[in-house]
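# A look at the structure
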Amino acid sequence: MMRALHHLDLWVSDPDLASEEWGWLLGELGWEADESVRSWAHPDGTYLFLERSPDQVDAPHDRMRPGINHLALHVGDGRSLDRLRAESSAHGWHELFADRYPHAGGEQHTALYLENGEGFEVEVVLADEPED
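Throughout what follows, the structure given in this document is the object of discussion. (Residues numbered from 1 in each chain as written. Predicted model: local features only at pLDDT ≥ 70, side-chain atom pairs only at ≥ 80, totals over all residues. Heavy atoms only, no water.)

## Comments concerning the nonpolar core
- Judged by nonpolar contacts, the single largest core of 26 residues is most densely connected at W22, L25, L29, L48, L50, L84 and V124.
- Of all elements in the fold, only β1 (7-11), α1 (15-28), β4 (47-51), β5 (70-75), α2 (78-87), β7 (111-115) and β8 (121-126) reach the threshold of two or more residues within this core.
- The element contributing the most residues to this core is α1, with five residues.
- Other than its neighbours up to four places away in sequence, L84 contacts W24, L25, E28, L29, V75, L112 and V124. (Core = buried A, V, L, I, M, F, W, Y, C linked by side-chain atoms within 4.5 Å. Buried < 20%, exposed > 50% of the residue type's maximum accessible area, 1.4 Å probe, protein only. Helix = DSSP H or I, 4+ residues; strand = E, 2+ residues; numbered from the N terminus. Contact = heavy atoms within 4.5 Å.)

Now the structure itself:
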């Protein structure tokens, strides 16, 4: 089966900090690191690359502006989701919608919403929930 997404290329202000934050989260979700190029590959072949491009504008990331609002990634089980929640702040992430965890996206949707130090949002979705 062909994967739906080939890769993601995220431009970041501080590649070292971003590598720590993203590296922890992606590693916990089963992505394999290639630290030499700040890249992580999912077992399905999709990869994510972090860089600070000389072409980028020096302005803070704002997920509320036009563009991608957030990434949604799968986690295999509820215990892993709870563990990510418990450990995320030690790795530069803070929880969004904590008062509604784990159903901030609705009663039929189990997920953890995180934001990193640069303002990127990731929704970590329980993989075994029923499809709509």
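## With respect to the sheet that holds strand β2 (residues 32-34)
- What the four strands build is an open sheet, ordered β1-β4-β3-β2; its pairing is mixed. Lying at the two open borders of the sheet, with one neighbouring strand each, are β1 and β2. Strand after strand, the sheet turns through a mean of 20 degrees between neighbouring axes, direction not considered.
- Pairing geometry for strand β3 (residues 39-41) and β4, over three bridges, is antiparallel. Across the sheet, residue S39 finds its bridge partner in β4, namely F49.
- Here α1 sits on the sheet and contacts β1, β3 and β4; the angle it forms with β4, its principal contact strand, is near 165 degrees. (Pairing = 2+ DSSP bridges. Axes fitted to C-alpha atoms, helices over the stretch in contact; angles between N-to-C directions.)

## Observations concerning the side chain of N116
- Secondary-structure assignment places N116 in the loop between β7 and β8.
- You can call N116 buried: its relative accessible area is 2%.
- Side-chain polar atoms of N116 contact the side chain of E21, separated by 3.0 Å.
- If sequence neighbours within four positions are ignored, N116 has contacts with E21, W22, G92 and W93. (Polar contact = N/O pair within 3.5 Å; in protein donor to acceptor, adjacent residues only side chain to side chain.)

## Some remarks on the pairing of β1
- Every second residue of β1 is oriented toward a common face, the buried set being L8 and L10 and the non-buried set H7, D9 and W11.
- Inspection of the sheet shows β1 paired to β4 by five bridges, in the parallel sense. Across the sheet, the residue bridging to W11 is E51, located in β4.

## Focus: the packing of aromatic side chains
- Going through the model one piece at a time under the given rule, you end up with three aromatic pairs.
- Relative to Y113, the ring of F97 lies with its centre 5.2 Å away and its plane at 85 degrees, an arrangement referred to as edge-to-face. Here Y113 lies in strand β7 and F97 lies in the loop between β6 (94-96) and β7, a separation of 16 residues in the sequence.
- Taking the relative accessible area as the measure of exposure, F97 reaches 34% and is therefore partly exposed.
- Through a chain of ring-to-ring contacts, the aromatic side chains of W22, W93 and F120 assemble into a single cluster. (Phe/Tyr/Trp six-rings, centres within 6.5 Å; stacked < 30°, edge-to-face > 60°.)

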